[in-house]
Amino acid sequence: MLLADRFRGHADASAREQSPLYAEWSLGIAGDLDVLALIERAPEARRQPALVLAVSRWLGAPLAPWPRLREWMLAHPDALLAELARRTTQVNDVRRLGPVSLALARLEGPVALLEVGASAGLCLFPDRYAFRADLRGAGRDEQARWGAADSDVVVELDVDLGDSPLPHDEWPRRVVLPEIVWRAGLDLDPVDVTDPAAVSWLETSLPPGPSERVDLLRRAVAIARSAPPRLVRGDAVDGLAALAATAPSDARLVLVSTGTLVYLPGRRRQAFVDAVRALGATWVSYERRDLLHDVVAEVPEGVAPGDGFAALALDGRALAVGDAHGTRVRLLPS
Ligand SMILES: C[S@@+](CC[C@H](N)C(=O)[O-])C[C@H]1O[C@@H](n2cnc3c(N)ncnc32)[C@H](O)[C@@H]1O
């Protein structure tokens, strides 16, 4: 895809994400041959719009209208290219635990939780956050709460129950998480929650917009800092078995992956699925729904693309479809 088109696409995505400034910046870049030529000097993999904009902010670009950003970028080409070459965006979105917790609630504990692509490990603490869900559909309009009621982190979730009978009488009206007795994360590039610069980069990787996302991130970081999670640097496929082998054998090993498979090239994705199966572990995923054949197969016709960006799946079988961040899901017939 042409670089200008990537920035145009990013402008649309930013508008949807309620980040008008990133939408304006992206459109500005898409139509500016000088700035595009500058970005083309970065390695191919480092020309992603989200990375270019985050690096610019990180280096001090003003949060100001596009002409000011343009001026800044053209005045700092060397610094921009050097930083682009050594950084990748880092995301850790605890909102994805909304759907993930719904799947965890279907499992018996005690659980040994291993997250693949854990980033800063913030999604390793579903039992330390509060969840608040609006449940609609199937003749119901009610609220449900679960998790640690007094937590500083409150994850909000809209659940469309669909028209079909619920798979379980109470679920997801009454969600009870299994006991988590062990937790660890695997990541190619783990983020240390005790390192202020690393956490600051996590914040800068978020688009400027509503402050709730940064606030939620900071609250989750504060909880993680009180007992930093065990994070191991390693590849999702090559590093999995060794880390899984350190989990207690008397707990159910549950692998979680959220927003991570997209980073694995096609064949590695299948190798990951094979590695998970070889371990005999339970696998909870909230991933782009077109990435796993099993998941795609179970998404019914007529699910609008905006509602079905991602699929929540348990052992590769889709339970729900939802948005990229896990804030809205629609349950699928069981
Ligand atoms: C978009 S982040 C998602 C983080 C977290 N799961 C969440 O939902 O907030 C993807 C993570 O996957 C990691 N990653 C990418 N490729 C990987 C690989 N081959 N093996 C392990 N981790 C990988 C990245 O470093 C990054 O932290």
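See the structure shown above.
Caption draft 1: Fine view of the site of the ligand. Around the ligand, a shell composed of 19 residues is seen, among which D93, R96, D187, A236 and T258 lie nearest. Here a nitrogen atom of the ligand and a side-chain polar atom of D235 are 2.8 Å apart. Between an oxygen atom of the ligand and a side-chain N or O atom of T258, the distance comes to 2.6 Å. The fraction of the free accessible surface of the ligand (590 Å²) that becomes covered by protein chains is 92%.

Caption draft 2: Spatial organisation of the pairing of strand β5 (residues 180-187). Here β5 lies mainly inside the structure; 6 of its 8 residues are buried. Pairing analysis gives 6 bridges linking strand β1 (residues 111-116) to β5, with the strands arranged parallel. Bridged to L113 within β5 is R183. With 4 bridges connecting them, β5 and strand β6 (residues 230-233) associate as parallel partners. Residue pairing for β6: G185 is matched across the bridge by L231.

Caption draft 3: Region of the structure containing the packing of helix α1 (residues 3-16) against helix α2 (residues 20-30). α2 packs onto α1 with a crossing angle of 165° between their chain directions and a minimal axis gap of 8 Å. In terms of orientation, α1 and α2 fall into the roughly antiparallel class. Here α1 runs over α2; the crossing is left-handed. Where α1 abuts α2, its residues A4, F7, R8, H10, A11, S14 and A15 lie against Y22, A23, S26, L27, I29 and A30. Looking at the contact of α1 with α2 residue by residue, the class counts come to 9 nonpolar, 3 polar and 1 charged.

Criteria and cut-off values
- Residues numbered from 1 in each chain as written.
- Predicted model: local features only at pLDDT ≥ 70, side-chain atom pairs only at ≥ 80, totals over all residues.
- Heavy atoms only, no water.
- Near = heavy atom within 4 Å.
- Polar contact = N/O pair within 3.5 Å; in protein donor to acceptor, adjacent residues only side chain to side chain.
- Areas by Shrake-Rupley, 256 points an atom, 1.4 Å probe, with all protein chains shown as cover.
- Buried < 20%, exposed > 50% of the residue type's maximum accessible area, 1.4 Å probe, protein only.
- Helix = DSSP H or I, 4+ residues; strand = E, 2+ residues; numbered from the N terminus.
- Pairing = 2+ DSSP bridges.
- Axes fitted to C-alpha atoms, helices over the stretch in contact; angles between N-to-C directions.
- Parallel < 35°, antiparallel > 145°, perpendicular 65-115°, else oblique.
- Left-handed = near helix turned anticlockwise from the far one by under 90°.
- Contact = heavy atoms within 4.5 Å.
- Nonpolar A, V, L, I, M, F, W, Y, C, P; charged D, E, K, R; others polar.

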